[in-house]
Amino acid sequence: MDKLRFNDKGYYDPTAYEALKKITVEEREARRKENYRPMVYICSPFSGDIEGNTKKARTYCRFAVVKRTIPIAPHLLFPQFMSEEHERNLALFMGIVLLSKCDEVWVFGDRISEGMSKEIEKAKIWRKKIRRFTEEMEELG
């Protein structure tokens, strides 16, 4: 965070640094409050049976809400305005960006798709907590 005390020209500029420092302190305080809900990335299949997999992903998100988290499921959001056929790589990239903001990754089902595999690999690199669940939402050890 020390690098943020200087602007892109190398001049001392504490404004951005102090703003980010304040946000970090506010985040920590919010986490301590009882209404804090961690963001969890919902990792489940989309391709193949798109209609069935979408329905399952909605169920997984509802399960996450009940467990007091904020579910992030890009495969429910992006197909609303992006083409699976023509913009798949862009959608996967954008999903990885969202994954970077999440506290945990929840993987559902026993089938790991190609997209899920990429998401899980990134989560491991970033040392995110990964939790595995069955399709019936029972946590695996």
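Quantities reported herein were computed from a predicted structural model and do not represent experimental measurements. (Residues numbered from 1 in each chain as written. Predicted model: local features only at pLDDT ≥ 70, side-chain atom pairs only at ≥ 80, totals over all residues. Heavy atoms only, no water.)

**Quick look at the sheet that holds strand S4 (residues 129–133)**
Two modes of strand pairing occur in sheets, parallel and antiparallel, and in both the strands are linked by backbone hydrogen bonds.
Link 1 in the chain: The parallel open sheet is built from four strands, whose spatial order is S2-S1-S3-S4. Each edge of the open sheet is held by one strand with a lone partner, namely strand S2 (70–72) and S4. Mean inter-strand twist for the sheet, computed between neighbouring axes without regard to direction, equals 30°.
Link 2 in the chain: Looking at chain direction, strand S1 (residues 39–43) and strand S3 (residues 104–108) are connected through four bridges and run parallel. Paired with Ile-42 across the two strands is Trp-106, which belongs to S3.
Link 3 in the chain: Against the sheet, helix H4 (residues 88–101) engages S1, S2 and S3, with an angle of about 145° to S1. (Pairing = 2+ DSSP bridges. Helix = DSSP H or I, 4+ residues; strand = E, 2+ residues; numbered from the N terminus. Axes fitted to C-alpha atoms, helices over the stretch in contact; angles between N-to-C directions. Contact = heavy atoms within 4.5 Å.)

**Observations concerning the packing of H4 against helix H5 (residues 114–125)**
Each packed pair of helices is defined by two parameters, the angle between the axes and the distance between the axes.
Link 1 in the chain: For the pair H4 and H5, the least separation of the axes is 10 Å and the interaxial angle reads 30°. Taken together, the axes of H4 and H5 lie roughly parallel to each other. The handedness of the crossing between H4 and H5 is right-handed. For the pair H4 and H5, contact is made by Arg-88, Leu-92, Ile-96 and Leu-99 and by Gly-115, Lys-118, Glu-119, Lys-122 and Ala-123, respectively.
Link 2 in the chain: Residues that form the contact of H4 with H5 fall into these classes: four nonpolar, one polar and four charged. (Parallel < 35°, antiparallel > 145°, perpendicular 65-115°, else oblique. Left-handed = near helix turned anticlockwise from the far one by under 90°. Nonpolar A, V, L, I, M, F, W, Y, C, P; charged D, E, K, R; others polar.)

**Section: the environment of Tyr-60**
Link 1 in the chain: Following the sequence through the fold, Tyr-60 ends up in helix H2 (residues 50–66).
Link 2 in the chain: Judged by relative accessible area, which is 3%, Tyr-60 ranks as buried.
Link 3 in the chain: Tyr-60 has contacts with Ile-42, Ser-44, Phe-108, Glu-135 and Met-137, leaving out every residue within four places of it along the chain. (Buried < 20%, exposed > 50% of the residue type's maximum accessible area, 1.4 Å probe, protein only.)

**A word on the pairing of S1**
Link 1 in the chain: Counting buried positions over the five residues of S1 gives four, a clear majority of the element.
Link 2 in the chain: Note that S1 and S2 share three bridges and pair parallel. Across the sheet, the residue bridging to Tyr-41 is Ile-72, located in S2.
Link 3 in the chain: Crossover handedness for the path S1 to H2 to S2: right-handed. (Right-handed = clockwise from strand over helix to strand, strands pointing away.)

**Observations concerning the pairing of S4**
Link 1 in the chain: Looking at chain direction, S3 and S4 are connected through five bridges and run parallel. By the bridge assignment for S4, Trp-106 is matched with Arg-131.
Link 2 in the chain: For the handedness criterion, the β-α-β arrangement of S3, H5 and S4 is classed as right-handed.

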